[in-house]
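# Breakdown of the fold
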Amino acid sequence: MKKILILLVILAGIAGIAYYKSNEKKSRLSRAGSTVTRELLLNDFEVNSIKKIHIKEDKAETTIAVNGDKWTVVERGGYTANLEKIRTVLTSLEFEKIKDGRRIGKDSWGKIGVNSPGDATAYGVGTLIELFDDKGAVKHSFVLGGTVNSSGGKEDPMAMFNGGGGGKSRFIRILNEDTIWEVANTYADFVNKADQWLSKDFVTISKIKSIEVTGAKPEDGWKASRKAEADTEFTLEGAKPNEKIDTTKADINNLLASPQFDDVLGKDKAAETFKEATKATITTFDGFTYKLQAVKKAVDGADKYFVTFNISGEFAKAREAVKDEKEEDKKKNDESFAASKKALEEKLAKEKEFDGWVYQVTEYTINTLLKKRSEIIKVEEPKSDAPPAAGTPAKPDGTPNLDIKSLMKPSAATAPPPASATTAPVTVTTPPIEVPAPKPTATPADALNKPTEPPASPKVELKPTEPAPAPAEPKK
């Protein structure tokens, strides 16, 4: 009986250990090794069958979907999406191979960041990716988890998660599957930020012919133009003879030559955004007209800059005839004209897609448009052509040297004549002369450009010396 009891105790202990080990296996990555059962991450994946991508995290989501014949960003009012980026991520998923796979219990999903968003009790939430077909059905769904530093440490796979400075692999949990997969791709492009999925194609303005800016006040507006494309300077309309455009403050030649934008607001935001906007019209030598509105607004305590476009174009329908043009030259020139006209029409069609959208840009992109007339001009001082006054050396710039001390020196005309050897010496007695201090008077600005006459020399009173006594006559 005693032996039976001992045997039962031993069996109970074995059963308890087995139960404990079974639960432990469900709550951590298996130390037994890989459980890979297939080669590719997603079975039956077809790139062209995907018509919508939904990216979701706990507090944000982004949707990129096909609308008509193009991919668009839903959270940006249906603005055109970056097709190249979409093609890259979908193609990667189609051919993504499994690097490793292990089973892990649900209570440890948070340790590797593969819990689904939306569960208020879960920690270690990953990024949910849902791929839809053209009928709105979910074709594939998975959660992107944490990055993996090394696929080597199978003895302690939990230590691989997010150690060091990040790795080249990532944990992925496919919904409705028990295995946690590891792939050699971090899928950094699956970012949950709508502005990161926008197509960054934008207008390109070149060969500017004229620009007219209308400010809040009539005096703030300005207009500049040039007659030929080869001209490097623009003429400011209504400029005074000494006024011209300061190119350091208004570089019209390069205005919007290669603009970029940071984000986009929907067309429905245009009226509200541009209530007090500056308006501008730009024409080009090749027939384009760009009507713009630009504004600076305070958003969340910071200055942000916005611009919107309305674009049109008128191009020559036929080439001007050339007198005595050879047949082979005519054919060549006609072909060149047709190709140029087609390129202009294609550019117009592409840029018309930018009409009406509200673009958030940098200050540098539109700062010239926001400047008042008084802020873009420089005034050049007129040069005087008057010769310097006689006896006053000129300055290097040609203006007279108004040196008061030099003007006070007596001239040759007023200097006393030199003493002669045959002339009796003359004694000069000059009493002290008091010269009253000149009263300060305002000197008009134009008086400085007139030669100054030297002051008159003070009158000197000369007293003749007593005549010498006549010599005595000799005695007879």
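In this convention, every chain numbers its residues from 1, walking through the sequence in written order. Reporting in this predicted model follows two pLDDT cut-offs: at least 70 for local features of residues, and 80 or more for side-chain atom pairs to be given and counted; totals over whole chains, interfaces and linings ignore these cut-offs and use all residues. The side-chain numbers reported here are obtained from all heavy atoms of the structure, hydrogens and water having been left aside.

Two strands qualify as a pair provided that DSSP identifies no fewer than 2 bridges between them. Secondary structure elements follow DSSP: runs of H or I no shorter than four residues count as helices, runs of E no shorter than two count as strands, and numbering proceeds from the N terminus. Ordered in space as β4-β3-β2-β1-β6-β7-β8-β9-β5, the nine strands form an open sheet in which the pairing is antiparallel. Sheet topology places β4 (79-80) and β5 (98-103) at the edges, where each strand pairs with a single neighbour. Sheet topology places strand β1 (residues 52-56) next to strand β2 (residues 61-67); five bridges connect them, and they run antiparallel. Residue pairing across strands places His54 opposite Thr63, the latter belonging to β2. Of the strands in this sheet, β1, β2, β3 (70-73), β6 (127-132) and β7 (138-148) touch helix α2 (residues 83-94), which is tilted by about 100° from β3. The criterion used for residue contact is that any of the two residues' heavy atoms lie within 4.5 Å. Inter-axis angles, ranging from 0 to 180 degrees, are taken between N-to-C directions of lines fitted to C-alpha atoms, where helices are fitted over the stretch in contact.

A few words now on the confidence of the model for the protein chain. pLDDT is defined as a per-residue confidence score from the predictor, taking values between 0 and 100. Averaged over the protein chain, the pLDDT score is 81; the fraction of residues at 70 or greater is 69%. Across the protein chain, the secondary-structure element scoring lowest on mean pLDDT is helix α6 (residues 404-407), at 50, and the one scoring highest is strand β18 (residues 358-361), at 98. Throughout residues 151-166 the model reports pLDDT below 50, and contacts reaching past four residues in sequence, or to other chains, amount to 38 contacts. In the predicted structure, residues 440-450 sits below a pLDDT of 50 and forms two contacts with residues beyond four places in sequence or in another chain.

Here we take up the side chain of His54. By the secondary structure assignment, His54 is in strand β1. Not counting chain neighbours up to four residues away, the residues in contact with His54 comprise Glu61, Thr62, Thr63, Leu128, Ile129, Glu130 and Phe132.

Next up on the list: the nonpolar core. We call a set of buried residues a nonpolar core when its members are Ala, Val, Leu, Ile, Met, Phe, Trp, Tyr or Cys and they connect through side-chain atoms within 4.5 Å of each other. Classification of residues uses two cut-offs on accessible area relative to the type maximum, computed with a 1.4 Å probe and protein chains only: under 20% is buried, over 50% is exposed, and between them is partly exposed. The biggest cluster of nonpolar side chains holds 68 residues, and the ones touching the most others in it are Ile53, Leu90, Phe190 and Tyr359. Among residues more than four places away in sequence, those in contact with Phe190 are Ile53, Ile55, Val89, Leu93, Thr127, Ile129, Leu144 and Trp197. Ile104, Ile112, Val148 and Ile180 belong to the second-largest nonpolar core, a separate cluster that totals seven residues.

Here we take up the sheet that holds β18. Across the sheet, eight strands lie side by side as β12-β11-β10-β15-β16-β17-β18-β14; this open sheet has antiparallel pairing. Strands with a single pairing partner mark the edges of an open sheet, and in this sheet they are β12 (235-236) and β14 (263-265). Summarising the sheet, strand β17 (residues 302-313) and β18 pair through three bridges and their orientation is antiparallel. Looking at β18, one finds that Phe306 is bridged to Gln360. Contacting β16 (288-299) and β17, helix α4 (residues 327-351) runs over the sheet at an angle of about 30° to β16.

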